[in-house]
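These are the residues of each chain, in order.
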Amino acid sequence: GDFTEYYDLVQEPERYTEYDGKRVWDFIHQKICFQYEIEQEGFEWKQDFNRAISGFHTSVSAHIVETMGLSETDAVAEYKRRIRDIPDALENLVYAYYLQLCAIKNAKQRLINCDYMGKKEQVQPLMREILNNPFLSEQCVADAETAMRHHATQPN
């Protein structure tokens with residue numbers, strides 16, 4: 001059977017919960033991300049996978065810092081600790097953002113036709129709003145898609 005679970009991010013937004021996710025993120029970066037052969041020719045996709053995970057981690061960190069209820073001074077210090085001082089975090093955030101936009105754009109027909117586990121009537125209006133967003137047609141998204149495809153097919 002399908003064990004997929006959906007979470008409404010309006011009801012369950014990324015936020016500060018006081019849970020220390022360091023062990024989870026260490027596991028993801030050390031056990032799920034690629035550690036070997038990432039510098040070898042033909043394995044650049046492993047670097048791209050790691051960049052996407054790092055970008056997602058940065059996105060979660062940004063949402064957490066935003067919801068911590070800190071003073072501006074403390075929030076800046078927390079931002080520096082969690083994001084700015086992490087090598088390539090911001091670049092990987094942008095990479096993950098464009099990867100997601102390109103994926104949405106390329107999966108448009110599937111997303112329109114999906115049944116959403118019987119919840120199509122509820123999900124479809126929101127999905128159409130996302131899919132019809134003019135930003136998906138912006139030149140920067142097309143340029144990112146071209147660059148990612150080129151890198152995937154001709155990494156050097």
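Structure first, text after, so check above.
What you are looking at is a predicted structure, and each value in this text was computed from that prediction instead of being measured.

A. The overall build of the chain, seen in detail. Within the chain, the secondary structure is distributed over 7 helices and 0 strands. In the chain, the succession of α and β elements from N to C terminus is α-α-α-α-α-α-α. By its C-alpha atoms, the chain is 45 × 45 × 40 Å across when sized along the principal axes. The burial tally for the chain puts 24% of its 156 residues in the buried class. Across the chain, the fraction of contacts at a sequence separation of at least 24, relative to all contacts at a separation of at least 6, is 59%. Carbon together with sulfur atoms contributes 55% to the accessible area of the chain, which is approximately 11,800 Å² in total.

B. Spotlight on the packing of aromatic side chains. Within the structure shown, the criterion is met by 5 aromatic pairs. Both rings, one in Trp25 and one in Phe56, keep their centres 5.9 Å apart while their planes meet at 55°; by these two values the pair is tilted. One end of the pair, Trp25, is in helix H1 (residues 22–32); the other, Phe56, is in helix H2 (residues 44–66), with 31 residues separating them in the sequence. Taking relative accessible area as the criterion, Phe56 reaches 45% and is therefore assigned partly exposed. Measuring from ring centre to ring centre gives 5.7 Å for Tyr97 and Tyr98, while their planes differ by 65°; the resulting arrangement is edge-to-face.

C. Spotlight on unusual backbone geometry. Phi angles above zero are rare outside glycine, and Asp88 is one such case at about 65°. Relative to the helices and strands, Asp88 resides in the loop between helix H3 (72–84) and helix H4 (89–106). Its identity is not glycine, yet Tyr116 carries a phi of approximately 55°, on the positive side. Position of Tyr116 relative to the elements: it lies in the loop between helix H5 (108–113) and helix H6 (120–131).

D. Main features of H4. Taking 1.5 Å of rise per residue, 18 residues should cover 26 Å, and H4 covers 25 Å from first to last C-alpha, within 8% of that figure. Packing partners of the buried residues in H4 comprise H2, H3, H5, H6 and helix H7 (139–153).

E. Up close: the nonpolar core. By size, the foremost hydrophobic cluster in this structure holds 14 residues, and its most contacted members are Tyr98, Leu101, Cys102, Leu131, Val141, Ala144 and Met148. Among the elements that take part in this core, H4 stands out by supplying 5 residues, more than any other. Filtering out sequence-adjacent residues up to four positions away, Tyr98 remains in contact with Cys140, Val141, Ala144 and Met148.

F. Structural context of the pattern of salt bridges. With the rule as written, the count across this model stands at 7 salt bridges. With a closest N to O distance of 3.1 Å, Glu37 and Lys46 form a salt bridge. Across the salt bridge formed by Glu145 and Arg149, the nearest N and O atoms sit 3.2 Å from each other. Taken together, the residues span about one helical turn, with Glu145 and Arg149 both in helix H7 at a distance of 4 residues. Judged by its relative accessible area of 13%, Glu145 falls in the buried class. Through salt bridges that share partners, Glu78, Arg81 and Arg82 make up one connected network.

G. Representation of the environment of Leu90 within the structure. The residue Leu90 is located in helix H4 in this model. What makes Leu90 partly exposed here is its relative accessible area of 38%. For Leu90 and Leu9, which are 81 residues apart along the polypeptide, the C-alpha to C-alpha distance reads 23 Å.

Rules used in this analysis
The numbering scheme is per chain: residues are counted from 1 as the chain's sequence reads. Only residues with pLDDT of at least 70 get local features here, since the model is predicted, and only at 80 or more are side-chain atom pairs given and counted; chain-wide, interface and lining totals rely on the full set of residues. Think of the side-chain values as coming from all heavy atoms in the structure, minus any hydrogens and water. Helix and strand assignments come from DSSP, with helices taken as H or I runs of at least 4 residues and strands as E runs of at least 2, each series counted from the N terminus. Burial classification: accessible surface area is computed with a 1.4 Å probe over protein chains only, and a residue below 20% of its type maximum counts as buried, one above 50% as exposed, and the rest as partly exposed. We call two residues contacting when some pair of their heavy atoms lies within 4.5 Å. Values of accessible area rely on a 1.4 Å probe in the Shrake-Rupley scheme; residue burial ignores everything except the protein chains shown. Two aromatic rings, drawn from Phe, Tyr or Trp (for Trp, its six-membered ring), form a pair once their centres lie within 6.5 Å of each other, and the interplanar angle then sorts them: stacked below 30 degrees, edge-to-face above 60, tilted otherwise. The span expected for a helix works out to 1.5 Å for each residue beyond the first. Residues belong to a common nonpolar core when they are buried Ala, Val, Leu, Ile, Met, Phe, Trp, Tyr or Cys residues joined through side-chain atoms within 4.5 Å. Each salt bridge in this description consists of a side-chain nitrogen of Lys or Arg and a carboxyl oxygen of Asp or Glu lying within 4 Å of one another.

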